[in-house]
Every structure is written in structure tokens, then in C-alpha cells.
Amino acid sequence: MTSVAVLGTGIMGAGMARSLLREGHDVTVWNRSPEKAKPLADDGATVADSAASAVAGAEVVVTMLFDIEPVLAVMADVAESWPTGAVWVQSSTVGVEGTRRVEAFARERGIDVLDAPVLGTKAPAENGKLVWLVSGPSSLRDKVAGPFDAMGARTQWVSETLGDGSKLKLAVNAWIGAMVNGIAQSVALARGLGLDGQQFLEAVEGQAVDSPYLQLKGKAMLSGDYTPSFELDGVIKDTSLIRDAMTEAGTATTLADAVADRLAVASAAGHGEEDMAAVVYAYGT
């Protein structure tokens, strides 16, 4: 059993906490909006009234927050009470420059840190089926192995260079953003031409171009069920980080620019807090 503090109990953090609890770990949670953390008490978590009290005595501290600014603000609050020997598992998607700031913060304060974003949304987080993309010192692996196994189906150790995990996460999220927009475009086109959009899903089913994700998001678009697994505004934030990384890498941003444009249109129409499948509204349906 490992003592784990989870800072940030939104869609992802709450699911991760429940997966840890299910496997018998000692979990303390904190969220800036307390009402999002309180339900976890029914699952066996200790709900802290401050981030500093949440990390007291923790062996592993997971940050799962929206962006780099809240991550560093919360860590500044807890740095003075940081437990000796604890490992900071930074799982928020903060991009290339954000991870550099994480590394500088940790180095300055003598905190052991792993760059550890995850692949997966609400259901994988709740069911312990996330994929970890981890970079940082291999000497820290044993300390986090139990919690990682509880929260994830697989851990991919990307490299010992802190930040490489986040770089890989951006590459994956670039693909996800392009894919959900491609699905939306085809669903909207089928409908615009007078067809039932379900015909598109049936046409590709079982073919090389099919995927479980295509069917999942396509069915959400057809049913109009946009219960968030990954909020559209969160994809907008990640796409901004992706474009910044592309500029630094010297790769063309053409497709990412188009993805960002359509996401912005859907968000402006009031769909920002819905699942990213709601981007279909930016394609005329």
C-alpha cells in the first residue's frame, strides 16, 4: 500500500483516485472547488481542506490539473510542507515549455519529479485502464510502480529525459484532435447530402479505416449525447500546446490550425463544456 495524494479531482483525477482506492492504496484528495472532491469520501478517500494538508505524509503526489499555471500555483502552496522522499507525478497536460517550468521548479526545491501524462479519458480513469507515458529518472520507478499499476493498464517508460513523456502525449493528442474532426466532417457531410449518418459508420465498420474510437465518437455525434469524457475546451487548450510544439519542432501546423479553428467555432456556439464530439456542430450539423 502506498500513501498517495491526488491534487485535482475533475473527470480524470476523481477516476484515478477511485482506481487507487479500489487497489487498497491510502488516498488523500484535494480540489480547489471542494464540492468536486467531497464525493470521494464515500469511496474511502480522505478529503483534505488544503493542498498542503493533502500532501502531508504522502509518498506519491499526483497533480492532475488543467494547465501549467494552476499546477505551479498549487505546488508553490505545498513546497514548504513537501514530505521527505515523496515523488511528484506530474500528469497534467502542460506542453513542452510547461514541462520545462515543472523541471525548473522541482530542481530549485529539491523535489523528485516524473513527467507522467496519461492516455485515456473518463472510463479508463475510473476503471484503472489508463496508459502512462512517463519520463524521468529510472531510480524512481519502484516508488510509483504500485500506484501506476492501480491506475493504468500499461506504463510506457519513454526515456530518462524529463519532458519526453509530455512530448509523446502531444503527438498522440494531435492525432486524436485530427481524428475527431475527421469523424465530424464525415458525419456532417453524410447528413448534409441527405443520408443517415449511421450509414457512414456502417460503411467503415470492420474495415482497415475503422476503429473503436471512430464508432464511439460517431455514435455520440449521431445521438447528440455529449456527456464529457474529454471536454471540448480542454482539447482547445491541448491543441494550442500542440501548435506551440510544432512551431518549436519546425513541423507544419496546417492541420492543427484547422482543428483549432473548428474547435473554436463549436466552443463559441456554447459547446465548450461538452465532450469534444460536439465539434460536429462546427461542420454544419
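Right above here is the structure, for reference.
Because the structure is a prediction, the values reported are computed rather than measured.

A cluster of nonpolar side chains, Leu-189, Leu-193 and Leu-195, forms an exposed patch at the surface whose accessible area comes to about 340 Å². For Leu-195, the position within the fold is in the loop between α7 (164–192) and α8 (198–204). Judged by relative accessible area, Leu-195 falls into the exposed class, the value being 51%.

Our focus in this paragraph is the environment of Gly-128. Along the chain, the position of Gly-128 falls in the loop between α5 (122–126) and β8 (130–135). Sequence-wise, Gly-128 and Leu-72 are 56 residues apart; in three dimensions their C-alpha atoms are separated by 26 Å. Beyond its immediate stretch of four places on either side in the chain, Gly-128 contacts Ser-19, Arg-22, Ala-150, Met-151, Gly-152 and Ala-153.

Moving on, we get to the side chain of Ser-92. Residue placement: Ser-92 occurs in the loop between β5 (87–90) and α4 (95–109). Polar contacts involving the side chain of Ser-92 include one to the side chain of Gln-90, which spans 2.9 Å. Residue contacts for Ser-92: discarding those within four places in its chain leaves Thr-63, Met-64, Leu-65 and Val-71.

Time to look at the side chain of Ser-19. With respect to the helices, strands and loops of the structure, Ser-19 is situated in helix α1 (residues 11–22). Take Ser-19: its relative accessible area is 0%, and that puts it in the buried class. Polar contacts involving the side chain of Ser-19 include one to the main-chain carbonyl oxygen of Ala-125, which spans 2.8 Å. Here the side chain of Ser-19 touches Glu-126 through a polar contact of 3.2 Å, landing on its backbone oxygen. Setting aside its immediate chain neighbours within four residues, Ser-19 contacts Ala-125, Glu-126, Asn-127, Gly-128, Ala-150 and Met-151.

By size, the foremost hydrophobic cluster in this structure holds 30 residues, and its most contacted members are Met-16, Val-29, Val-89 and Trp-132. When residues of this core are assigned to their parent elements, the largest contribution, 6 residues, is made by α1. Val-89 has contacts with Val-60, Val-61, Val-62, Thr-63, Leu-114, Ala-116, Trp-132, Val-144 and Phe-148, leaving out every residue within four places of it along the chain.

Quick look at the pattern of salt bridges now. Side chains bearing opposite charge may pair, as long as their charged atoms lie close to each other. Scanning all chains against the criterion turns up 12 salt bridges. Note that Glu-97 and Arg-100 form a salt bridge whose closest N and O atoms lie 3.1 Å from each other. Of this pair, Glu-97 and Arg-100 both sit in helix α4, 3 residues apart, which is roughly one turn of that helix. A residue is classified by how much of its surface remains accessible, and Glu-97, at 48% relative accessible area, is partly exposed. Residue Asp-261 pairs with Arg-262 through a salt bridge whose shortest N-O separation is 2.7 Å. For Arg-262, a relative accessible area of 24% puts it in the partly exposed group. When salt bridges that share partners are traced, they join Arg-18, Asp-43 and Glu-126 into one network.

Conventions we followed
Counting starts from 1 at the beginning of each chain's written sequence and moves along it residue by residue. Per-residue local features of the predicted model are confined to residues with pLDDT of at least 70, and side-chain atom pairs are confined, for both listing and counting, to 80 or more; whole-chain, interface and lining totals are unaffected and use all residues. Here the side-chain values reflect all heavy atoms present in the structure, with hydrogen atoms and water set aside. Patch definition: residues with relative accessible area over 30% and no salt bridge; like charges joined within 9 Å; nonpolar side chains (Val, Leu, Ile, Met, Phe, Trp, Tyr) joined within 5 Å. Methods summary: accessible areas were calculated by the Shrake-Rupley approach with a probe of 1.4 Å, and residue burial reflects only the protein chains presented. Here, a salt bridge means any Lys or Arg side-chain nitrogen found within 4 Å of an Asp or Glu carboxyl oxygen. Numbering of helices and strands starts at the N terminus; helices are DSSP runs of H or I of at least 4 residues and strands are runs of E of at least 2. Relative accessibility decides the category of a residue: with a 1.4 Å probe and only protein chains considered, values under 20% of the type maximum give buried, values over 50% give exposed, and everything between is partly exposed. Two residues form a contact once any of their heavy atoms are found within 4.5 Å. As used in this structure description, the phrase polar contact means that two N or O atoms lie within 3.5 Å; if the pair is within protein, one of them must be able to donate a hydrogen and the other to accept it, and residues adjacent in sequence are counted only when both atoms belong to side chains. Each nonpolar core is a collection of buried residues, namely Ala, Val, Leu, Ile, Met, Phe, Trp, Tyr and Cys, held together in the definition by side-chain atoms within 4.5 Å.

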